[in-house]
Amino acid sequence: MASASLQFFAFILALFGVLGDITATLLPNWKVNADVGSNIITAITQMQGLWMDCTWYSTGMFSCTLKYSVLSLPIYIQAARTTMVLSCMLSAFGICITTVGMKCTKLGGDTDSKSHACFAGGVCFILAGIFGLVPTSWYTREIISNFLDQTVPESSKHEPGGAVYTGFISAGFLLTAGVIFCTSCFKKQQGAWIYPPKQHHFSSTEQESNTSYNLKDYV
């Protein structure tokens, strides 16, 4: 019962991780203009994402421009696009597998099949968390190095936006859920290895007596 409750808790974490992963991938505020120097008092806020660049005006107007050219983008943005999409796909696939493999569901067949499905879903969550953690870390490193570069003008400096923090939190949820699913299945298999099912051994005299008794029934 405790293991089923733990799996359900991990499933809820994975759901939040998937939703956060998709949200972070689509949000346009991976980096925003830094409020330093002459940028402290400004009427506009510029944001850059993986797929579009947006500008928010103090009047409430909002305009975005899509990034159509892939080859013209920096390598870290191209890598972030690829890994975030893979993270979303793996996490969604993990949700489908763990739905079948969880103990609280009646899908997936026998106990061994459900355990294997649950372990496979946990591996998908771990891979999705890694794929989500790599681009957010790399993107943050590029923002910080650009911010600390003295040759870059203040108007071109940026800070990490809300999408980066959402990506970090989602990756943490997915990694935690994957570890819980994998360890819950591993503990169960380990217990089966340590305590194998008992086998009944009969002595030769007992077998002979049983055989003679069965033969007497037919005489």
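What you are looking at is a predicted structure, and each value in this text was computed from that prediction instead of being measured.

Student: So what about the packing of aromatic side chains? Which residues, and what values?
Tutor: This structure, assessed with the given rule, holds 3 aromatic pairs. Both rings, one in phenylalanine 125 and one in phenylalanine 181, keep their centres 5.9 Å apart while their planes meet at 35°; by these two values the pair is tilted. With phenylalanine 125 in helix 3 (residues 111-148) and phenylalanine 181 in helix 4 (residues 162-194), this residue pair connects regions lying 56 residues apart in the sequence. Summarising the burial analysis for this pair, phenylalanine 125 and phenylalanine 181 share the class buried. Grouping aromatic residues by their ring pairs yields a cluster made of Trp30, Tyr76 and Tyr139. Geometry around phenylalanine 147 places lysine 157 over its ring, the cationic atom sitting 5.5 Å from the centre.

Student: For the nonpolar core, give the residues involved together with the corresponding values.
Tutor: Judged by nonpolar contacts, the single largest core of 15 residues is most densely connected at Ile95, Phe125, Ala177 and Phe181. Elements that contribute at least two residues to this core include exactly helix 1 (2-26), helix 3 and helix 4. When residues no more than four places from it in sequence are discounted, the contact partners of phenylalanine 181 are Gln7, Ala10, Phe11, Thr98, Met102, Cys118, Gly122 and Phe125.

Student: Help me get a handle on the confidence of the model for the protein chain, residues and values and all.
Tutor: Averaged over all residues, the pLDDT of the protein chain is 81; the fraction at 70 or higher stands at 79%. Element-level pLDDT for the protein chain is lowest in helix 5 (residues 204-217), with a mean of 48, against a maximum mean of 93 in helix 2 (residues 75-101). Low pLDDT, under 50, characterises residues 189-197; the stretch is placed with 3 contacts to residues that sit more than four places away or in other chains. pLDDT under 50 marks residues 211-219. Its contacts with residues more than four places away, or in other chains, come to 0 contacts.

Student: Any details on the environment of serine 170? Residues and values, ideally.
Tutor: Relative to the assigned elements, serine 170 resides in helix 4. Taking C-alpha positions, serine 170 is 9.5 Å from leucine 15, a pair spaced 155 residues apart along the chain. When neighbours within four sequence positions are excluded, serine 170 is seen to be in contact with Phe16, Gly17, Gly20 and Asp21. Within the structure, the side chain of serine 170 is placed 3.5 Å from the backbone oxygen of glycine 20, a separation counted as a polar contact.

Student: Tell me about the pattern of salt bridges, and name the residues and values.
Tutor: Under the definition given, this model contains 2 salt bridges. A salt bridge links aspartate 53 to lysine 67, with the nearest nitrogen and oxygen atoms 3.2 Å apart. Remark: lysine 67 occurs in the loop between strand 4 (62-66) and helix 2 and aspartate 53 occurs in strand 3 (residues 52-57); sequence separation between them is 14 residues. Judged by relative accessible area, aspartate 53 falls into the partly exposed class, the value being 29%.

Student: Now, about the side chain of threonine 83: what can you tell me, with residues and values included?
Tutor: With respect to the secondary-structure elements, threonine 83 resides in helix 2. Residue threonine 83 is classed as buried on the basis of its relative accessible area of 14%.

Student: Describe the sheet that holds strand 4, listing the residues and the values that go with them.
Tutor: Pairing between the strands of a sheet is mediated by backbone hydrogen bonds and can be parallel or antiparallel. Spatially, 5 strands are ordered 4-3-2-1-5 in an open sheet, and the strand pairing comes out antiparallel. Sheet topology places strand 4 and strand 5 (158-160) at the edges, where each strand pairs with a single neighbour. Ignoring strand direction, the axes of neighbouring strands in this sheet form an average angle of 25°. Summarising the sheet, strand 1 (residues 31-33) and strand 5 pair through 3 bridges and their orientation is antiparallel. Looking across to strand 5, one finds that valine 32 is bridged to glutamate 159. Contacts from helix 3 reach strand 1, strand 2 (44-48) and strand 5 within the one sheet, and its direction differs from that of strand 5 by about 150°.

Each value, and the rule that gives it
- Residues numbered from 1 in each chain as written.
- Predicted model: local features only at pLDDT ≥ 70, side-chain atom pairs only at ≥ 80, totals over all residues.
- Heavy atoms only, no water.
- Phe/Tyr/Trp six-rings, centres within 6.5 Å; stacked < 30°, edge-to-face > 60°.
- Helix = DSSP H or I, 4+ residues; strand = E, 2+ residues; numbered from the N terminus.
- Buried < 20%, exposed > 50% of the residue type's maximum accessible area, 1.4 Å probe, protein only.
- Lys NZ or Arg CZ within 6 Å of the ring centre and 35° of its normal.
- Core = buried A, V, L, I, M, F, W, Y, C linked by side-chain atoms within 4.5 Å.
- Contact = heavy atoms within 4.5 Å.
- pLDDT = per-residue confidence, 0-100.
- Polar contact = N/O pair within 3.5 Å; in protein donor to acceptor, adjacent residues only side chain to side chain.
- Salt bridge = Lys/Arg side-chain N within 4 Å of Asp/Glu carboxyl O.
- Pairing = 2+ DSSP bridges.
- Axes fitted to C-alpha atoms, helices over the stretch in contact; angles between N-to-C directions.

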